[in-house]
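Structural features, examined
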Amino acid sequence: MLGSVYILFLISLIYNPLIYTVAWAAIFLMVNLAIALSVPGRFYNRSSLVHLLKLPQGFLLMLLSALRFKSALKAFNPTPKTGSSEQQYKSEKP
């Protein structure tokens, strides 16, 4: 959900009318303010800033991975089971 705010804000800048862009900008700022207030001051350093800037990239990669996984499930083609356990199972049936 957090990653969708960043993506929808960027899409809103390009495609939406001004009123929706302002609304998404307000939501974007509130989310960032909530994150900034929830992290203690001692954790603010250069490394955390670099990781914060990589956060949208991580959300995009997770979204792409989920889409690939869903398409892989549709194309899943299991191999037929032909082993000794299948022979044993058939012999145990009444």
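Just above sits the structure.
Residues numbered from 1 in each chain as written. Predicted model: local features only at pLDDT ≥ 70, side-chain atom pairs only at ≥ 80, totals over all residues. Heavy atoms only, no water.

1. Regarding the layout of surface pockets
- Estimated volume of the largest pocket: approximately 200 Å³.
- Contributions of two or more residues to the lining of the largest pocket are made by helix H2 (18–38) and helix H3 (46–53).
- Taken together, the residues that form the lining of the largest pocket break down as 8 nonpolar, 3 polar and no charged. (1 Å grid on protein atoms, 1.4 Å probe; cavity = no way out; pocket = protein on both sides within 12 Å on 5 of 7 lines; lining within 4 Å. Points joined across faces, edges and corners; volume = space filled by probe spheres on them. Helix = DSSP H or I, 4+ residues; strand = E, 2+ residues; numbered from the N terminus. Nonpolar A, V, L, I, M, F, W, Y, C, P; charged D, E, K, R; others polar.)

2. Points about the nonpolar core
- Core analysis: the largest hydrophobic core is formed by 5 residues, namely Val5, Tyr6, Phe9, Phe28 and Val31.
- Listing elements by their share of this core, those giving two or more residues are helix H1 (2–15) and H2.
- Ranked by residue count, the leading element in this core is H1, at 3 residues.
- In this structure phenylalanine 28 touches Val5, Tyr6 and Phe9, once residues within four positions along its chain are discounted. (Core = buried A, V, L, I, M, F, W, Y, C linked by side-chain atoms within 4.5 Å. Buried < 20%, exposed > 50% of the residue type's maximum accessible area, 1.4 Å probe, protein only. Contact = heavy atoms within 4.5 Å.)

3. Side note on H2
- Taking 1.5 Å of rise per residue, the 21 residues of H2 would be expected to cover 30 Å, and the 30 Å separating its terminal C-alpha atoms lies within 8% of that figure.
- Taken together, the buried positions of H2 are occupied by Thr21, Phe28 and Val31. Taken down its axis, H2 places every buried residue within 90 degrees of arc, on the same side. The exposed residues of H2 that point more than 90 degrees off its buried face are Leu18, Ile19, Leu29, Met30, Leu37 and Ser38. (Expected span 1.5 Å × (residues − 1). Arc of directions from axis to C-beta.)

4. Notes on a nonpolar patch on the surface
- A surface patch of nonpolar side chains, about 1200 Å² in accessible area, is lined by Ile7, Leu8, Leu10, Ile11, Leu13, Ile14, Tyr15, Leu60, Leu61, Leu63, Leu64 and Leu67.
- The element contributing the most residues to the nonpolar patch is H1, with 7 residues. (Patch = residues over 30% accessible without salt bridge, like charges linked within 9 Å, V, L, I, M, F, W, Y side chains within 5 Å. Areas by Shrake-Rupley, 256 points an atom, 1.4 Å probe, with all protein chains shown as cover. Salt bridge = Lys/Arg side-chain N within 4 Å of Asp/Glu carboxyl O.)

5. Thoughts on the environment of leucine 10
- With respect to the helices and strands, the residue leucine 10 is situated in helix H1.
- Placed 15 residues apart in sequence, leucine 10 and alanine 25 show a C-alpha to C-alpha distance of 9.2 Å.

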